[in-house]
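Summary of structural features
So the chains spell out like this:
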Amino acid sequence: MLNIIKTNKYLILIYTIAMASFVVNLDTYVVNVSLPSMAAQFGTTTTAISWVALSYNLTVVSLLLTFGKLGDKIGLKNLFVIGFFIFSISSLLCGISYKLDMLVLSRFLQGVGASILYALPQAIIAKYIPQEQRGMAFGILASAAALGITLGAPVSGLISGLLTWRLIFFINLPIGIFAIIFLMYVLPKDMFS
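Residues numbered from 1 in each chain as written. Predicted model: local features only at pLDDT ≥ 70, side-chain atom pairs only at ≥ 80, totals over all residues. Heavy atoms only, no water.

Turning our attention to the environment of L76. Inspection of the secondary structure assignment puts L76 in helix α3 (residues 76–96). What makes L76 buried here is its relative accessible area of 4%. Considered as a pair, L76 and A146 are 70 residues apart in the sequence and their alpha carbons are 23 Å apart. If we ignore the near neighbours within four places in the chain, the residues touching L76 are G71, L120, A123, I124, K127 and Y128. (Helix = DSSP H or I, 4+ residues; strand = E, 2+ residues; numbered from the N terminus. Buried < 20%, exposed > 50% of the residue type's maximum accessible area, 1.4 Å probe, protein only. Contact = heavy atoms within 4.5 Å.)

Quick look at the structure:
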């Protein structure tokens, strides 16, 4: 019975970190299709609105090594929870942005959270998942990342075409809240000691 409980905890952890890979990749691609709608609403040029995508992407890639090292210092689980929190709050800020500058700054913050979520999953799998389940874990992680990339443009087109571009950011909120709850309350601290 104890092995079943432990296996379920590992599966919850695997799917929670897979959500991180999904949402980070989704957000990389979901914005690109919505840029013309954003430019029209803010009354700005294509060059100016491109900073919405650039601020996110540049932040993600420039901080990967920093957050990988920081995860070793303060703990992978703690930093991962912080990453989901930053990502979720900044997604809300992106969705309620009323000026282009606010949206670009919110996307920068979202990139900080995304960089954490992008840097740590492989280390979490290597450190906390039993060796016999690591192959499956890496497979699920890769599948979730690919699904995020695949769904990014179509989801963005549907949402921004039928409703409003702001909703592309709000879809991150339930994912982030769900992941934080699982990481904080469902998984006991002694699992990671």
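Okay, helix α6 (residues 131–162) next. The first and last C-alpha atoms of α6 sit 46 Å apart over 32 residues, in line with the 46 Å expected at 1.5 Å per residue. Along its length, α6 shows its largest kink, about 40 degrees, at L151, and proline P154 lies within four residues downstream of that point. Listed in full, the buried residues belonging to α6 are Q133, A137, I140, L141, A144, A145, G148, G152, S156, I159 and S160. (Expected span 1.5 Å × (residues − 1). Bend = angle between axes of the 7 residues up to and from the residue.)

This part covers the confidence of the model for the chain. Of the residues in the chain, 92% have a pLDDT of 70 or more, and the chain-wide mean is 86. Ranking the elements of the chain by mean pLDDT puts helix α1 (residues 2–42) last, at 81, and helix α4 (residues 100–119) first, at 95. Within the model, the stretch residues 1–5 combines pLDDT values under 50 with 0 contacts to residues more than four positions away or in other chains. (pLDDT = per-residue confidence, 0-100.)

Before going further, it helps to spend a moment on the packing of aromatic side chains. Using the criterion set out here, one finds 4 aromatic pairs in the structure. Ring plane angle 55 degrees and centroid distance 5.7 Å describe the contact between F42 and W165, whose orientation is recorded as tilted. Note that F42 is positioned in helix α1 and W165 in the loop between α6 and α7 (167–170), a separation of 123 residues in sequence. A ring pair is formed by F178 and F182, whose centres lie 4.5 Å apart and whose planes are at 80 degrees; its orientation type is edge-to-face. Placement of both F178 and F182 in helix α8 (residues 172–186) is noted, with a separation of 4 residues, approximately one turn of the helix. Each member of the aromatic cluster is reached from another via a ring pair, and the members are F42, W165 and F169. Between R107 and the ring centre of Y56, over which it is positioned, the NZ or CZ distance is 4.0 Å. (Phe/Tyr/Trp six-rings, centres within 6.5 Å; stacked < 30°, edge-to-face > 60°. Lys NZ or Arg CZ within 6 Å of the ring centre and 35° of its normal.)

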